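# Coordinate inspection notes
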Amino acid sequence: QVQLVESGGGLVQPGGSLRLSCAASGSIFRIYDMGWYRQAPGKQRELVATITGGHSANYADSAKGRFTISRDNAKKIMYLQMNSLKPEDTAVYYCNADMIRWSDQYRGDYWGQGTQVTVSS
């Protein structure tokens, strides 16, 4: 079974920081692009940032200059360092990965279960 598990969410005051982690586990042959998405109440899920296997990153305008995406390919972990957090960053954050599993070489788009980030004083 291949899965993604996020951690690191929580409650933080405006201007604060959080670091989210996403660990991929199971019988994984290869991981291609990975990314962070978020969904606020009543809104559609939106892209936050993506990163290739070669560590090339892409950010939504809302994340540029405040968030940093990174990954450790050997450990199969992706991170999102979030600084200068604002109330409008409040959302459930999901990790996503394009992966191939060993068992049948199926390549698919996988999602984690999400982690809540709340920015409030």
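Quick look at the structure, then. Here the structure is a predicted model, which is why all the values come from computation and not from measurement.

Reading the values: the criteria
- Residues numbered from 1 in each chain as written.
- Predicted model: local features only at pLDDT ≥ 70, side-chain atom pairs only at ≥ 80, totals over all residues.
- Heavy atoms only, no water.
- Helix = DSSP H or I, 4+ residues; strand = E, 2+ residues; numbered from the N terminus.
- Polar contact = N/O pair within 3.5 Å; in protein donor to acceptor, adjacent residues only side chain to side chain.
- Contact = heavy atoms within 4.5 Å.
- Pairing = 2+ DSSP bridges.
- Axes fitted to C-alpha atoms, helices over the stretch in contact; angles between N-to-C directions.
- Buried < 20%, exposed > 50% of the residue type's maximum accessible area, 1.4 Å probe, protein only.
- Lys, Arg positive; Asp, Glu negative; His and termini not counted.
- Salt bridge = Lys/Arg side-chain N within 4 Å of Asp/Glu carboxyl O.
- Core = buried A, V, L, I, M, F, W, Y, C linked by side-chain atoms within 4.5 Å.

We now examine the side chain of Asn-96. Secondary-structure assignment places Asn-96 in strand E9 (residues 91-101). A distance of 3.0 Å separates polar atoms of two side chains, one belonging to Asn-96 and the other to Asp-109. Those residues in contact with Asn-96 that lie beyond four places of it in its chain are Leu-4, Asp-33, Met-34, Gly-35, Tyr-37, Met-78, Asp-109, Tyr-110 and Trp-111.

Turning our attention to the pairing of strand E8 (residues 77-82). One ladder, built from six bridges, connects strand E3 (residues 18-25) with E8; its direction is antiparallel. Bridging across to E8, Leu-20 finds its partner in Leu-80. Between strand E7 (residues 67-72) and E8, which pair antiparallel one after the other, the connecting turn spans four residues, and Lys-76 there sits at a positive phi close to 60 degrees.

Across the sheet, four strands lie side by side as E1-E3-E8-E7; this open sheet has antiparallel pairing. Each edge of the open sheet is held by one strand with a lone partner, namely strand E1 (3-7) and E7. Pairs of neighbouring strands in the sheet enclose a mean axial angle of 15 degrees, with direction left out of account. Relative to E8, E7 runs antiparallel, the two being bridged by six bridges. Directly across from Phe-67, in E8, lies its bridge partner Met-82.

What follows deals with the side chain of Arg-71. In this structure, Arg-71 sits in strand E7. Here Arg-71 sits buried without a salt bridge, and the closest side chain of opposite charge, Asp-33, lies 5.5 Å off (N-O distance). There is a polar contact of 2.8 Å between the side chain of Arg-71 and the backbone oxygen of Tyr-32. Within polar-contact distance, the side chain of Arg-71 engages the backbone oxygen of Ile-51 at 3.3 Å.

So, on to the nonpolar core. Membership of the largest hydrophobic core comes to 30 residues, with the highest contact counts inside it found for Trp-36, Leu-80, Met-82, Tyr-93 and Met-99. Elements that contribute at least two residues to this core include exactly E3, strand E4 (28-39), strand E5 (46-51), E7, E8, E9 and strand E11 (115-119). Counting residues per element, this core draws most heavily on E9, at five residues. Those residues in contact with Leu-80 that sit more than four places away from it in its chain are Leu-18, Arg-19, Leu-20, Trp-36, Val-48, Phe-67, Thr-68, Ile-69 and Tyr-93.

A word on unusual backbone geometry. One non-glycine residue with positive phi stands out, namely His-55, at about 70 degrees. As for its position among the elements, His-55 is in the loop between E5 and strand E6 (57-59). We classify His-55 as partly exposed; its relative accessible area is 44%. The backbone phi angle of Ser-84 is positive, close to 50 degrees, even though this residue is not glycine. Here Ser-84 shows up in the loop between E8 and E9.

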